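What the coordinates show
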Amino acid sequence: MTALLPVLGSPAKISPDYVRISYASAVALAMKSGRFSREFDFGGINLLLNYDEGCLSDCGYCGLARTRQADYGDQFIRVEWPLVRTGELVDRMAEHEDKLTRLCISMVTHGHAYADTCDITKRIAARVKTPLSILVAPPTLNRHRLETFKAIGVDMIGIGLDAVTEQLFRSIRTDVPAGGLKWEKYWEVVTDSREIFGPWKVNVHTLVGLGETDQDLIEIFTRLRDQQIFSYLFCFNPEPDSRMASHPKSPLMRWRRIQLAKHLIETEGYQAGQFDFDADGSLVHLRASRSAVDAVVSQGVAFMTNGCPGEQGEPGCTRPYGSYRPSEPFRDYPFPPAATDLDQIKAQLRLDEVLG
Amino acid sequence: MTDDALREVSGFAIALDRAYAPATHMWVRPTGDLHVTIGMDPLGVETSGTLAQLSLPEPGQVLIAGQPFGQLEAVKFVGPLTSPVSGTVRAVNAAAAADPGLVEREPFTAGWLIKAILSDPADLGKLLTDPQAITDWYAARIADYRLSGAIAR
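Summary of the structure given here.

1. Things to note about the overall build of chain A
In terms of regular secondary structure, chain A is built from ten helices and twelve strands. Rg of the C-alpha trace for chain A: 21 Å, near the compact-globule value of 21 Å for 356 residues, within the 12% margin. Every one of the 356 residues in chain A was classed for burial, and the buried ones make up 56%. Across chain A, contacts joining residues at least 24 apart in sequence account for 76% of those joining residues at least 6 apart. Carbon and sulfur atoms make up 51% of the accessible area of chain A, which totals about 15,300 Å². Charge centroids of chain A, computed over 40 positive and 46 negative side chains, lie 2 Å from each other.

What follows is the structure in C-alpha cells.
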C-alpha cells in the first residue's frame, strides 16, 4: 500500500521574498506594459509589504483596512499593485538604476513588518545606491528600530499621520472596528525620527479631505516646518467599499489653495498669522502681496507631487495619478506644470477671493 | 476571422484580414457593402496598460476619419479612440464597454469596439492593407515600444 503524503498548499507569496509595487513602478522597471498620458521621466519606485493577513490596522479611508469588505486581489488605492519577487525586483532596480530617483518601502501594521523591512532594505542597499525612504508603520517601531533603519542605509522616514487632528485621528484610525492606532505613538515616532535622521529627512503625510479644516492643516504645516520636518500633501480619494467610500473628495479650489498655503509656509517662510479663517476654519484671507503670490504660483512647484527628493534634490517620488484617475484633472503634477496647466491652476485657485 | 489570417510578429498577434491606421492602432474589417467593424490592435491595447474604462459612442453618431469617437482609460493613461474612417456608428460593443478586459483578451474578435457604415469607401484605401506592409509596420512599432519601455519584459 502506498502511503499518502500530505498535500501542501503553494508557499505563500509574502514579504520579504515578495512585495507589491505600484503600477507606475512596474512600468518604469518594465515589469508591466503601459505608459503615462503625458511623457515625463519617472523613477520613483514604491514597494509595499505583502502578507496574507494584510494590514492589521483598520483605517476608515484605506484600501488595506482590516475589515474592508470584498477581495480586491491585486488592487489597492483603486489600481493594480503587482506582486513581484523581491529578488527579481532588486535585479530590475540595478538594471535601471540610472533612471531611478527615489525608492520607498511602505510598511504595513504586521508582526513581521519590521524584520522584513530590514531584510528588504539590506537586499536593495547592497545593489542600488538610489536613496531609499521608508513609510513606517509606527505600531511596529521603537527608537532602537528607527536607529537600525538609519544604520542599514535608510535615507528618509515618512510617517503616515494622514488625519491631522487628534480628534479626527481617533475617529478614523483609533475608535474603529479593528483599530487601535495611537496618536501619541505616531508623534513619538515623528520626534524620534527627527532626532535620528536630522533636519528635512523626515516627512509627515497629511491627507486633505478627511474632515479637517483649512486651519487645522495650516497649523500642522507650520508646526512641522518649525521642526524642519516636511509635510507631504495627499488628496483623499474615496476607496470603494472602505468605510469612507461615500465621503466626498475635496473640491479642486480648496485643494489648490491648500497646496499653495503649504508651499508658502514650507518654502517661503510664511507664518500661521498670515492666514485668516472664518468661524468654520476655512481660509478666507491671505496676508501677502499679490505679486509675491503670483510669482510663486507661476513657478508651479507648489502644485507638484510632494515626495522624497532624488539624490540631487530633484523630484524623486512623484506617484503619477496617485489620487485621481488619468481622465480627471491633475491633483498633484508629477512634472513641472506647463503653461496650459498653470492657466488651469490659476483659474482653480480663484486668488482674487483671498488676496487684497 | 480564420486562423490563416492571424500572424505573430515579435510576440504580438496581428490579423491580416483587415486594414490598419498605423498612428492610432485601430483596425477596420469590412463586413459587406459599406459595413465595417472597428477595433484596436493588441499592441495598442498592451502599451496602454491595464484597461480601466472604455467610453464608446451611441449608435447613430457620425464618425469623422482622424477624429475621436470615444476614450480609452487605463491605469496610468487616458487617450482618444480615433476613428480610422468616416461614417455612422451602427452598433456598439456593450460587452467590451462593461468589461474592457474583453478588448485585452480578444482584440480581433469579441473585443471589437463599434460597427459602422462608411460614408466614403475611399477611406479604406488610405489605411494599411498589404500584409507585408502591415507586418513591417507592426514589427517596427513593437521595436519602438520595447525601446521606450512601454512593453514589459
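Now, onward.
2. Thoughts on the sheet that holds strand 9 (residues 78-82) of chain B
Residue and element names in this part refer to chain B. Pairing within the open sheet is antiparallel, and its three strands lie in the order 6-8-9. The open sheet is flanked by strand 6 (51-55) and strand 9, the only strands paired with a single partner. Here the average twist between neighbouring strands, direction ignored, is 25 degrees. Strand direction decides the pairing type here: strand 6 and strand 8 (residues 68-74), joined by four bridges, are antiparallel. The residue bridging Ser55 from the neighbouring strand is Gln71, located in strand 8.

3. Details of the side chain of A:Arg173
Residues and elements named next belong to chain A. Structurally, Arg173 is set in helix 5 (residues 166-174). With a relative accessible area of 6%, Arg173 lands in the buried category. Sequence-distant contacts of Arg173, that is, excluding residues within four places in its chain, are made with Cys59, Tyr61, Gly160, Leu161, Asp162, Gly179, Gly180, Leu181 and Tyr186.

4. Some thoughts on the packing of helix 7 (residues 214-226) of chain A against helix 8 (residues 252-268) of chain A
Residue and element names in this part refer to chain A. Running from amino to carboxyl end, helix 7 crosses helix 8 at an angle of 25 degrees, the nearest separation of the two axes being 9 Å. Judged by the inter-axis angle, helix 7 sits roughly parallel to helix 8. Helix 8 is crossed by helix 7, and the crossing has right-handed handedness. Across the interface between the two elements, Asp214, Leu217, Ile218, Phe221, Thr222 and Arg225 from helix 7 touch Arg254, Ile258, Ala261, Lys262, Ile265 and Glu266 from helix 8. Within the contact of helix 7 with helix 8, the residues separate by chemical class into six nonpolar, one polar and five charged.

5. Details of the nonpolar core
Membership of the largest hydrophobic core comes to 107 residues, with the highest contact counts inside it found for A:Leu47, A:Met93, A:Met107 and A:Phe149. Beyond its immediate chain neighbours, meaning those up to four positions away, A:Leu47 contacts A:Val19, A:Arg20, A:Ile21, A:Leu89, A:Met93, A:Cys104, A:Ile105, A:Ser106, A:Ile120 and A:Ile124. Ranked by size, the runner-up nonpolar core spans 27 residues in total, among them B:Ala19, B:Leu81, B:Ala116 and B:Leu118.

6. Focus on the packing of aromatic side chains
Enumeration over the complete set of coordinates arrives at 19 aromatic pairs over all chains. Between A:Phe330 and A:Phe335, the aromatic rings sit 5.5 Å apart at their centres with planes inclined by 75 degrees, giving edge-to-face as the arrangement. Linked through ring pairs, A:Phe36, A:Phe40, A:Phe42, A:Tyr321, A:Tyr324, A:Phe330, A:Tyr333 and A:Phe335 together constitute an aromatic cluster. Positioned above the aromatic ring of B:Trp112 is the side chain of B:Lys115, whose terminal nitrogen or guanidinium carbon lies 4.7 Å from the ring centre. Of note, B:Arg141 hangs over the ring of B:Tyr145, and the distance from its end group to the ring centre comes to 4.4 Å.

7. Considerations on the interface of chain A and chain B
Contacts between chain A and chain B engage 22 residues on the former and 20 residues on the latter. Both sides together, the interface formed by chain A and chain B hides about 1,800 Å², and carbon and sulfur atoms give 45% of it. For the interface between chain A and chain B, the tally reads two salt bridges. Of the charged contacts, one joins A:Glu95 and B:Arg153 as a salt bridge, the two residues approaching to 2.7 Å between their closest N and O atoms. Where chain A meets chain B, there are 16 residue pairs in polar contact (both at pLDDT 80 or more).

8. A short note on helix 10 (residues 339-349) of chain A
Residues and elements named next belong to chain A. Every buried residue of helix 10 is accounted for by Asp341, Leu342, Ile345, Gln348 and Leu349. For helix 10, the arc enclosing every buried residue in end-on projection is 120 degrees, short of the 170-degree limit, so these residues lie on one face. For helix 10, the exposed residues set more than 90 degrees away from the buried face come down to Ala339, Thr340, Asp343 and Ala347. If you follow the buried residues of helix 10, they end up packed against helix 8 and helix 9 (290-299). Of the residues one or two after helix 10, Arg350 is the one with positive phi, at around 45 degrees.

9. Examining the pairing of strand 2 (residues 44-49) of chain A
For a regular strand, side-chain orientation follows a simple rule: the groups alternate between the two sheet faces. Residues and elements named next belong to chain A. Extensive coverage of strand 2 is indicated by the burial of six of its six residues. Alternating positions in strand 2 separate into two faces, Gly44, Asn46 and Leu48 on one and Ile45, Leu47 and Leu49 on the other, with burial throughout. Two elements, strand 1 (residues 18-21) and strand 2, share three bridges in a ladder whose sense is antiparallel. Paired with Arg20 across the bridge in strand 2 is Leu48. Relative to strand 6 (residues 102-106), strand 2 runs parallel, the two sharing five bridges. Pairing of Gly44 across the sheet is with Arg102, part of strand 6.

Cut-offs applied
Residues numbered from 1 in each chain as written. Chains lettered and ligands numbered in written order. Predicted model: local features only at pLDDT ≥ 70, side-chain atom pairs only at ≥ 80, totals over all residues. Heavy atoms only, no water. Helix = DSSP H or I, 4+ residues; strand = E, 2+ residues; numbered from the N terminus. Rg over C-alpha atoms; globule rule 2.2 N^0.38 Å. Buried < 20%, exposed > 50% of the residue type's maximum accessible area, 1.4 Å probe, protein only. Contact = heavy atoms within 4.5 Å. Areas by Shrake-Rupley, 256 points an atom, 1.4 Å probe, with all protein chains shown as cover. Lys, Arg positive; Asp, Glu negative; His and termini not counted. Charge placed at Lys NZ, Arg CZ, Asp CG, Glu CD. Pairing = 2+ DSSP bridges. Axes fitted to C-alpha atoms, helices over the stretch in contact; angles between N-to-C directions. Parallel < 35°, antiparallel > 145°, perpendicular 65-115°, else oblique. Left-handed = near helix turned anticlockwise from the far one by under 90°. Nonpolar A, V, L, I, M, F, W, Y, C, P; charged D, E, K, R; others polar. Core = buried A, V, L, I, M, F, W, Y, C linked by side-chain atoms within 4.5 Å. Phe/Tyr/Trp six-rings, centres within 6.5 Å; stacked < 30°, edge-to-face > 60°. Lys NZ or Arg CZ within 6 Å of the ring centre and 35° of its normal. Buried area = accessible area lost by both parts, 1.4 Å probe. Salt bridge = Lys/Arg side-chain N within 4 Å of Asp/Glu carboxyl O. Polar contact = N/O pair within 3.5 Å; in protein donor to acceptor, adjacent residues only side chain to side chain. Arc of directions from axis to C-beta.

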